[in-house]
Amino acid sequence: MRVQVVIIGGGPSGLLLGQLLHQKGIDTLVLERKTRDYVLGRIRAGVLEVGFVNLMREAGVAKRMERESFIHGGTVISYEDMQFGINFEALTGNHVVVYGQTEVTRDLYDARAAVGAKTVFNTEHVEIHGADSDAPYVTYQVDGTEHRVDCDYVAGCDGFHGISRQSIPLTVRREYEKVYPFGWLGILSETPPVNDELIYAGSDRGFALCSMRNANLSRYYIQCSLSDHAEDWTDAAFWQELKRRIPAEAAERLVTGPSIEKSIAPLRSFVCEPMRWGRLFLCGDAAHIVPPTGAKGLNTAASDIHYLYHALVQVYETGETEGINRYSEKALARVWKTQRFSWWMTTLLHRFPHQSEFDLKVQKAEIAFLRDSRDAQTVLAQNYVGLPY
Ligand code: FAD
Ligand code: PHB
């Protein structure tokens, strides 16, 4: 078998790239290790930048998103006795959109099936061969049978635990990492959100986030210990802890109910350089991870897809390789800015195990500065709504 571009990973990065390339008549094969239902069962991102929404439009898959998503023109920050809003619209003229990653992925899978583009699920032993040659190919197994697909380019969209990044030799690859000494325990519940806007709350008991998917589906997170297990947290214990970390008025009006999903995500910052090796291009979580505090993971995956999509269209339409030659440099320039922002939001709002009294005073002073400075709020807002591509 032969296709122009093999896409490894059927998460949002791989599916979005596949759909954009399809619109330009470039054929792709998506190889996904899990089943469609498994991928759709992962509850992850909820906040999308307008840049992401525009890419979905360009891919022709934004209809349901336009109907069912919610525009958020600001967010609330709370820290001990301080509470204030960050008005994205007033500060940047821009907003973010609340629409779950599950829905994004569902729309992309439906669109891919509708145009008859090929996806292979349950792939095992995926291997990239000759990425640094002019004739790359990918081998994989399904139900024990070996398959080979020849291609022009390989897009490594297989997330943090995928094989694409590992295919770049250690002599070429350099990795930068910061592991945080805590995780986020998240629950999804069929209850109305506690607030119209998201609440990012720092407290002496640790961080909490009030988010949502729609008018009757809430998503809440609390900072937890890395040794915690989601199954040991009863719903009652979760709600009680959340209430102790968010503003008192919010805690009073919080509607609780049974959780329909509960999981723990460890927090990590990670970047792999370069993001290209020969004809292999890394995109999204395969190349970089951020702690979720700034809502940047999926959005940064989308900016990689933007650069790679334009680079591939350029090479197929004009033969010009400037875009693919500069892909890694362009993508990484934006990646490092989102890394900085995500690290900053995380540091500002979480409790760290060995924080001294001095560290806490500085953290509090920084929140007070943010509350009182329009300039500081503008910097947060510009990063949160998304830096230009
Ligand atoms: P993935 O979603 O990881 O997809 C990779 C796919 O590749 C998977 O389906 C996997 O099964 C498949 N795969 C892996 N290995 C192989 C292989 N060897 N062969 C074939 N297939 C393979 N981001 C935001 O922008 N906003 C948010 O609000 C936000 N909130 C988050 C909250 C939480 C709790 C978490 C955990 C993350 C959050 N993120 C957020 C981050 C976001 O979910 C990720 O950045 C996003 O999923 C990255 O998409 P991806 O397609 O690059 O990788
Ligand atoms: C979410 O709704 O899952 C979400 C929102 C904002 C974040 C992280 C996660 O910063």
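As recorded by an unreviewed UniProt entry, the protein carries the name 4-hydroxybenzoate 3-monooxygenase and is attributed to Ruegeria sp. PrR005.

(A) Quick look at the nonpolar core. The biggest cluster of nonpolar side chains holds 71 residues, and the ones touching the most others in it are Leu16, Phe52 and Met56. Of all the elements, helix α9 (residues 297-318) adds the most residues to this core, at 10 residues. In contact with phenylalanine 52, not counting residues within four places along its chain, are Leu16, Met65, Val104, Leu298, Asn299, Ala302 and Tyr389. In terms of nonpolar packing, the next biggest core, distinct from the first, is built from 34 residues, Ile86, Leu209, Phe341 and Val385 among them.

(B) Structural context of helix α7 (residues 235-245). Regarding α7, the residues found buried are Phe238, Trp239, Glu241, Leu242 and Arg245. Down the axis of α7, the sector holding all buried residues measures 165°, keeping them to one side. Summarising the geometry of α7, the exposed residues directed more than 90 degrees from the buried face are Ala236 and Gln240. In this structure, the buried residues of α7 make contact with β13 (174-189), β14 (199-202), β15 (208-214) and β16 (217-224).

(C) Quick peek at the packing of aromatic side chains. For the coordinates displayed, the defined rule picks out 17 aromatic pairs. Relative to tryptophan 336, the ring of tyrosine 176 has its centre 5.6 Å away and its plane inclined at 85°; by these criteria the two rings are edge-to-face. Residue tyrosine 176 is found in strand β13, and its partner tryptophan 336 is found in helix α10 (residues 322-349); the two are separated by 160 residues along the sequence. According to the relative accessible area criterion, tryptophan 336 is partly exposed, its value standing at 34%. A connected cluster of aromatic rings, assembled from ring pairs, spans Phe88, Trp184, Tyr200, Phe207, Tyr221 and Tyr384. The aromatic ring of tyrosine 38 is capped on one face by lysine 34, whose charged end is 4.6 Å from the ring centroid. A cation over a ring is seen here: arginine 148 above tyrosine 137, with NZ or CZ 3.6 Å from the ring centre.

(D) Structural detail: the site of ligand 1. Ser13, Glu32, Arg42, Gln101 and Asp285 are the nearest of the 33 residues found near ligand 1. Here an oxygen atom of ligand 1 and a backbone polar atom of glycine 46 are 3.2 Å apart. Within the backbone of alanine 295, an N or O atom sits 3.1 Å from an oxygen atom of ligand 1. Looking at the shell around ligand 1, the elements that each hand over two or more residues are α1 (12-23) and α9. At 3 residues, the largest contribution of residues to the shell around ligand 1 is made by α9. Its residues placed into classes, the shell around ligand 1 shows 14 nonpolar, 11 polar and 8 charged.

(E) Up close: the environment of glycine 85. Examined against the element boundaries, glycine 85 turns out to sit in strand β6 (residues 82-87). Judged by relative accessible area, glycine 85 falls into the partly exposed class, the value being 42%. Here the alpha-carbon distance between glycine 85 and glutamate 124, two residues 39 residues apart in the chain, equals 47 Å. Apart from the residues within four sequence positions on either side, glycine 85 is in contact with Thr75, Val76 and Gln377.

(F) Just the packing of α10 against helix α11 (residues 357-372), in detail. Two numbers describe how α10 lies on α11: the axes approach to 9 Å, and their chain directions differ by 115°. Considered as vectors, α10 and α11 are oriented roughly perpendicular to each other. In this structure, α10 uses Trp344, Thr347, Leu348 and Leu349 to contact α11, whose residues at the interface are Gln363, Glu366, Ile367 and Leu370. Its residues assigned to classes, the contact of α10 with α11 comprises 5 nonpolar, 2 polar and 1 charged.

(G) Just the site of ligand 2, in detail. Taken together, the neighbourhood of ligand 2 is formed by 14 residues, with Tyr200, Ser211, Arg213, Tyr221 and Pro292 sitting nearest. A distance of 2.6 Å separates an oxygen atom of ligand 2 from a polar side-chain atom of serine 211. Contact between ligand 2 and arginine 213: an oxygen atom at 2.7 Å from a side-chain N or O atom of the residue. Computed on the free molecule, ligand 2 has an accessible area of 290 Å², of which 96% lies beneath the protein chains in the complex. Taken together, the elements giving at least two residues each to the shell around ligand 2 come down to β15 and β16. The leading source of residues in the shell around ligand 2 is β15, at 3 residues. Grouping the amino acids of the shell around ligand 2 by side-chain chemistry returns 8 nonpolar, 3 polar and 3 charged. Shared between two domains, the shell around ligand 2 holds at least three residues of each, these being domain 1 (2-75 + 97-178 + 268-348) and domain 2 (183-266 + 352-385).

(H) Geometry of the domain arrangement of the protein. One can read the domain layout of the protein as domain 1 (2-75 + 97-178 + 268-348) and domain 2 (183-266 + 352-385). Here domain 1 and domain 2 have C-alpha centroids that lie 28 Å from each other. Carbon and sulfur atoms supply 63% of the area buried between domain 1 and domain 2, which totals about 2200 Å² over both sides. Sorting the residues of domain 1 by area buried against domain 2 places Ile43, Thr75 and Leu348 first, and these three jointly supply 28% of that buried surface. Counting every contact that joins domain 1 to domain 2 gives 7 residue pairs in polar contact (both at pLDDT 80 or more). Sorting the residues of the side of domain 1 that touches domain 2 by element identifies β3 (47-49), β4 (70-72), β5 (74-79) and α10 as the ones contributing at least two each. For the side of domain 1 that touches domain 2, the element with the highest residue contribution is α10, accounting for 8 residues. Tallied by class, the residues present in the side of domain 1 that touches domain 2 amount to 12 nonpolar, 10 polar and 6 charged.

Here is what the cut-offs are and how they apply
- Residues numbered from 1 in each chain as written.
- Chains lettered and ligands numbered in written order.
- Predicted model: local features only at pLDDT ≥ 70, side-chain atom pairs only at ≥ 80, totals over all residues.
- Heavy atoms only, no water.
- Core = buried A, V, L, I, M, F, W, Y, C linked by side-chain atoms within 4.5 Å.
- Buried < 20%, exposed > 50% of the residue type's maximum accessible area, 1.4 Å probe, protein only.
- Helix = DSSP H or I, 4+ residues; strand = E, 2+ residues; numbered from the N terminus.
- Contact = heavy atoms within 4.5 Å.
- Arc of directions from axis to C-beta.
- Phe/Tyr/Trp six-rings, centres within 6.5 Å; stacked < 30°, edge-to-face > 60°.
- Lys NZ or Arg CZ within 6 Å of the ring centre and 35° of its normal.
- Near = heavy atom within 4 Å.
- Polar contact = N/O pair within 3.5 Å; in protein donor to acceptor, adjacent residues only side chain to side chain.
- Nonpolar A, V, L, I, M, F, W, Y, C, P; charged D, E, K, R; others polar.
- Axes fitted to C-alpha atoms, helices over the stretch in contact; angles between N-to-C directions.
- Parallel < 35°, antiparallel > 145°, perpendicular 65-115°, else oblique.
- Areas by Shrake-Rupley, 256 points an atom, 1.4 Å probe, with all protein chains shown as cover.
- Domains from an automatic or database assignment.
- Buried area = accessible area lost by both parts, 1.4 Å probe.

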